[in-house]
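Fold and geometry: a report
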Amino acid sequence: MSVDTPLRTAPAHAVRKAAPRRRRPLRGLWARILIALLVVVEVYPLLWMFLTSVKSNNDYLNHSTWSLPTHWEWGNYAEAWTTGHIGLYLRNSLLAVVPSLALVLLMGAAAGFALQIMVWKGRSLTLLVFLAGVMVPSQMILLPLFTVYFRTGLSGTLWPLVLTYTGTGLPLTVFMMATYYRSVPRELFEAATIDGAGILRMFWTISLPMVRNAILTVGLVQFFFIWNDLLVALTFTNSQDLRTVQVGLLNFTGDFGATQYGPLFAAICLNVLGTLAIYLFLNQKVMKGLTGGAVKG
Amino acid sequence: MTINPTRTGRTRLVGSTAAAAAVVLLATACGSSGTGASASPKNFDYLSVTENTTIKKTLTTLSTTSCTDQNKALPLKVDTVPQSGLDQKLQLLAGQNALPVQFAAGNAPALTTQLFTAGNVADLEDELTKLGVFDQLQPAAVSTVKALYQNKLAVLPYEYNIEGIFYNKKVFEANGISVPKTWDELVAAAAKLQGAGVQPFAASGQQGWPLTRLVSGYLYRSLGPGAMNAIANHTAKLTDPEYVKAAQQVAELGRKGWFGQGVGSIDYDTAMNQFLGGKAAMFYMGSWALANIADAEQDTLGAENVGFMPFPAVAGGKGSIDQYPSNVGLPVAMNARSFDAKTGDWVKCIAQNYGSVALKDQGTISGFKVNTPVENANAVTGQIRDTIGASKESVLWFEALGRGRARPAAPPPLPPRQRRTRPMHRVLGDRRAVAILLGPALLVYTLVMLVPIGWSLGYSFTKGNSITGFSWAGFANFQRLADDPAVHDALWFTVKYAAVVTVGQVAAGYALALLYTFYLKKASALVRTLVFFPVVLPTVAVGLLFQKLFQVAPQTGPVNSLLELVGLHSVDWFGSAGSSFWVLILMDVWRSMGFYAVLLFAGLVDIPDEVLESARLDGASGLRLIRHIVLPLSFPVLMSSAIFSINGTLKVFDSIVALTNGGPGSGTTPLTLSMFQTSFTYGEYGYGSTIAVLLTVLCLLVTLVVFRVSRRDLTKG
């Protein structure tokens, strides 16, 4: 669904690489070493985590952190799955994150449109009010929210999480969306108005596809904020059946600060595998949006 | 320009979705007020901490054996919360009158005492006497509970521990050391062991308490059993010379290296493992360690080689060697409001049977009498059980009577704030459309954030918490804030941290983005994904990883190995606030640079190629190209990255909790953590809100600056 914008320069793929660039082999070598180093620094933890996840507690404590396991303790994964209830927590996390993410993106895109493209008095002030919310620490709203959720009987469901994530995710989303809409040429909408398009249709059929890339980027950001949240989930989940993955990971801490490291890391590995898959999926989409040339964010 | 005109149906969808969201929220806002869930509970609810599994297991066993009838009438239901979140949870539940039937008491006794005064916690001495089972409690346990909770039996002693020094009999014999009776003998023994190449003590400095217990142990011997009460009652100060002397004596042991290297970063498991693996000769610990000692897999030393001795006497001291520091493990309080006949039946059954079941199944010593004889697993267990049985007097541990005061009062009314949007005009100024598009977001935002913020702002003019109620305090909190050195330190730390990490994250991310765009080009997908990887790691895992990377003991971590390789000395990274700070910075930059790289990469890809080509033809290359062409063109996206980053770093919480938990001391405590601790651990919600206001003001100032800068330059671009 590509909308060519008359005022922006057309995507340059057609004219790319008119002249071949010179290569300097020495610079290439240094860059290669740098990249190799970078990859090691980033990948080693993955390996370390995996190795730890198949060690027994004694192995973990008595041998060097960097040694291979003396005995491959695959039982840690079974332990993580049963004691850790990873399946249940994963389901809870998804049930909390997906609706919040959808609401945040839809409402955020709509509000960003209203604040940036539409013209009315007080929109600058409203944007500032939203921006102020970006900066408020979430610790500040916990007690009042807990009171409200409790009084309205929402405690004991996942609703408090969905509502809180939506509310706290909105400020940043609105601000980001408004910023992205700023780079969409206003003339496009003015022309559409002359063509007789209603404003709501304009939002849905013209503006949304134009900021699709932005929505995916913000979505990616918000996904990780919400997925990795501990504080809100810890405060509002009051039963075992409602725990999210992050809260569940705390289960592996035992008496007096003792930890079952093997199962903990097995659970982390399972968790990371899931998020990595989601990232790869979203990443594909983001990059498709970028290289499609339809949108310049 | 292609506009698809067949999409009108979708418009209605947006409207209805928004409307639905609004209805849900209105329902939330106007829903009926809850009832105080106190009278006649449906379950025998037990709110435990995740870390404790013994009580949970023993109660579950009871529910299927001795207490089956009681369980049928009132089924046992266990819920858990992590220890660190317990105080917060209790305060929130108590504020709603929704405490469960029995619950793990807060980390500081003051919280339970507050609950007791407010009528939320049952007086168990009364209740147990009425049920005729008060004699089922060990006298020593009763004395400990009463000492903790202002002479009230506010909790059940499901666990009862005494503390002392476990020692390695074999090592003592081999070096001709007899069990030390005095501090001087202990020091002499340690020196002898060190001389023989054996580490004298194992201790977890990361947990902190194993070291402070030594200080309190010394104090109880030198000043007598009232030593810590004097501090709590303000008749003595920790800075008095006799208290300072105790701390110095313990510090001296550390200075001589008798706890081993890097004691500050040794965790609980490692310390336990050092002792049970025979690497250290003595280990100050509580009797709960009996479970570890009995476990042949952990205890390679063998239970028969472990001895237990009381903390030695101090020459000329007022204390006696047979006063054992004791604690009730995880104390469990009972809700006074829900204490009915069925609950009573349960408690009676617990009092009669818990002691034997816990000892038999879990090897745990409780404060209940053991009615069915249970054989001792090993000699040390027998020794400790006899000691408890004979003990009539006990002393508390160092932190037992920590901070926190009760203040009765009533909550002030809090005015909700509302904001109205102004009317609009012109072509794109359809008022109804603005309402439909902006309405849902503004509504949710107002309900979930603005109203609670105003609400909390109101709390900053009060004293108290949701248990004791709130009383008007005027500007007292703000005055206190102005003079509080702890808050000043936290503020400075927050600013320093946010500045350094923001610059680090964005700069590293930008460098990576340039690498992706100009060097790797189309081949960057794999590297991009790999570098992004740490972003998806849970904070708990990243914290553990960095602890291991920078550790000095028990194994030298890779960073210190590298230092030694180039001829430098190992550094105890978590031993001082300064070095911890840099590890934190490194961790947060490492963790998020991939994220900023992707964000900035999205901006760089958008720079038209012909602009770059023409600049190259004009002779610009390398750094000049970046400085004069790329940097200005990617300024907007750099700005949004900076906003993201500042947003995250000023509010940093999780990663600090995971890596240092604010330590050493309060050296790495940011405003968020300080606020959280003040509000929930110390129960000063009013003052906690005031700290939050300070943080919010700081954030708003920064936001205004960033907002100005970004708006100005974005309109230009």
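Residues numbered from 1 in each chain as written. Chains lettered and ligands numbered in written order. Predicted model: local features only at pLDDT ≥ 70, side-chain atom pairs only at ≥ 80, totals over all residues. Heavy atoms only, no water.

- As named in an unreviewed UniProt entry, chain A is ABC transporter permease, taken from Kitasatospora phosalacinea.
- The record in UniProt for chain A states the following under Subcellular location (unreviewed entry): "Cell membrane".
- Per UniProt, chain A has the following entry under Sequence similarities (unreviewed entry): "Belongs to the binding-protein-dependent transport system permease family." (UniProt positions renumbered as here; feature names shortened; annotations may be inferred.)

1. Points about the overall build of chain A
- Scanning chain A from terminus to terminus reveals 13 helices and 0 strands.
- In chain A, the order of α-helices and β-strands from amino to carboxyl end is α-α-α-α-α-α-α-α-α-α-α-α-α.
- The proportion of buried residues among the 297 residues of chain A is 58%.
- Here the contacts in chain A between residues at least 6 apart in sequence split such that 72% fall between residues at least 24 apart.
- Accessible area for chain A stands at about 12000 Å²; split by element, carbon and sulfur atoms hold 66% of it. (Helix = DSSP H or I, 4+ residues; strand = E, 2+ residues; numbered from the N terminus. Buried < 20%, exposed > 50% of the residue type's maximum accessible area, 1.4 Å probe, protein only. Contact = heavy atoms within 4.5 Å. Areas by Shrake-Rupley, 256 points an atom, 1.4 Å probe, with all protein chains shown as cover.)

2. As for the environment of Ser178 of chain B
Residues and elements named next belong to chain B.
- Assignment of secondary structure puts Ser178 in the loop between helix 8 (169-174) and helix 9 (183-195).
- For Ser178, a relative accessible area of 57% corresponds to the exposed category.
- Measuring from C-alpha to C-alpha, the distance between Ser178 and Ala189 comes to 8.4 Å, with 11 residues separating the pair along the chain.

3. Re the packing of helix 2 (residues 54-64) of chain B against helix 15 (residues 341-362) of chain B
All names here are of chain B.
- Contact pair helix 2 / helix 15: the axes reach a minimum separation of 9 Å and the direction vectors enclose 115 degrees. In this structure, the crossing between helix 2 and helix 15 has a hand that is right-handed. When helix 2 is examined against helix 15, the residues Thr54, Ile55, Lys57, Thr58, Leu59, Thr61, Leu62 and Ser63 are found in contact with a partner set consisting of Trp346, Ile350, Asn353, Tyr354, Val357, Ala358, Asp361 and Gln362.
- Across the contact of helix 2 with helix 15, the residue classes tally to 8 nonpolar, 6 polar and 2 charged. (Axes fitted to C-alpha atoms, helices over the stretch in contact; angles between N-to-C directions. Left-handed = near helix turned anticlockwise from the far one by under 90°. Nonpolar A, V, L, I, M, F, W, Y, C, P; charged D, E, K, R; others polar.)

4. Overview of the packing of helix 4 (residues 86-116) of chain A against helix 17 (residues 431-459) of chain B
- Interaxial distance between helix 4 of chain A and helix 17 of chain B falls to 7 Å at its minimum, and their mutual angle equals 120 degrees. Crossing of helix 4 of chain A over helix 17 of chain B shows left-handed handedness. For the pair helix 4 of chain A and helix 17 of chain B, contact is made by Met107, Ala110, Ala111, Phe113, Ala114 and Leu115 of chain A and by Leu437, Leu438, Pro440, Ala441 and Val444 of chain B, respectively.
- Looking at the contact of helix 4 of chain A with helix 17 of chain B residue by residue, the class counts come to 11 nonpolar, no polar and no charged.

5. Examining the UniProt feature "transmembrane region" (unreviewed entry) in chain A
- Feature annotation in UniProt assigns "transmembrane region" (unreviewed entry) to the following positions: residues 29-51, 94-115, 127-150, 162-181, 202-227 and 261-282 of chain A.
- Across residues 29-51 of chain A, helical content stands at 100% and strand content at 0%; the span's end C-alpha atoms are separated by 32 Å.

6. Comments concerning the state of the cysteines
Residues and elements named next belong to chain B.
- If you walk through the whole model with that rule in mind, you get 1 disulfide over all chains.
- At a sulfur-sulfur separation of 1.9 Å, the disulfide partner of Cys67 is Cys349. With the S-S dihedral at roughly -90 degrees, the linkage between Cys67 and Cys349 falls on the left-handed side. Of this pair, Cys67 sits in the loop between helix 2 and helix 3 (68-73) while Cys349 sits in helix 15; the two residues are 282 residues apart in sequence, bridging distant segments of the chain. The pair formed by Cys67 and Cys349 is uniform in burial state, with each residue classed as buried. (Disulfide = S-S within 2.5 Å.)

7. Comments concerning the sheet that holds strand 10 (residues 332-334) of chain B
All names here are of chain B.
- Strand order in the open sheet made by the 5 strands is 2-1-3-10-4, with mixed pairing throughout. Edge positions in the open sheet fall to strand 2 (76-81) and strand 4 (155-156), since each of these has one partner strand only.
- The pairing of strand 1 (residues 44-49) with strand 2 spans 6 bridges and is classified as parallel. Residue pairing in the sheet places Ser48 in a bridge with Thr80 of strand 2.
- Across the sheet, helix 4 (residues 83-95) lies against strand 1, strand 2 and strand 3 (102-104), angled at about 140 degrees from strand 1, the strand it touches most. (Pairing = 2+ DSSP bridges.)

8. Quick look at the pattern of salt bridges
Residues and elements named next belong to chain B.
- Throughout the structure, instances matching the rule amount to 7 salt bridges over all chains.
- Across the pair Lys256 and Glu252 runs a salt bridge, and its minimum N-O distance is 3.9 Å.
- In this structure, Glu684 engages Arg480 in a salt bridge whose closest nitrogen and oxygen atoms are separated by 3.1 Å. Of this pair, Glu684 sits in the loop between helix 28 (671-681) and helix 29 (685-716) while Arg480 sits in helix 18 (residues 476-483), and the two are 204 residues apart along the sequence.
- Counted as one network, the salt bridges with shared partners bring together Glu252, Arg255 and Lys256. (Salt bridge = Lys/Arg side-chain N within 4 Å of Asp/Glu carboxyl O.)

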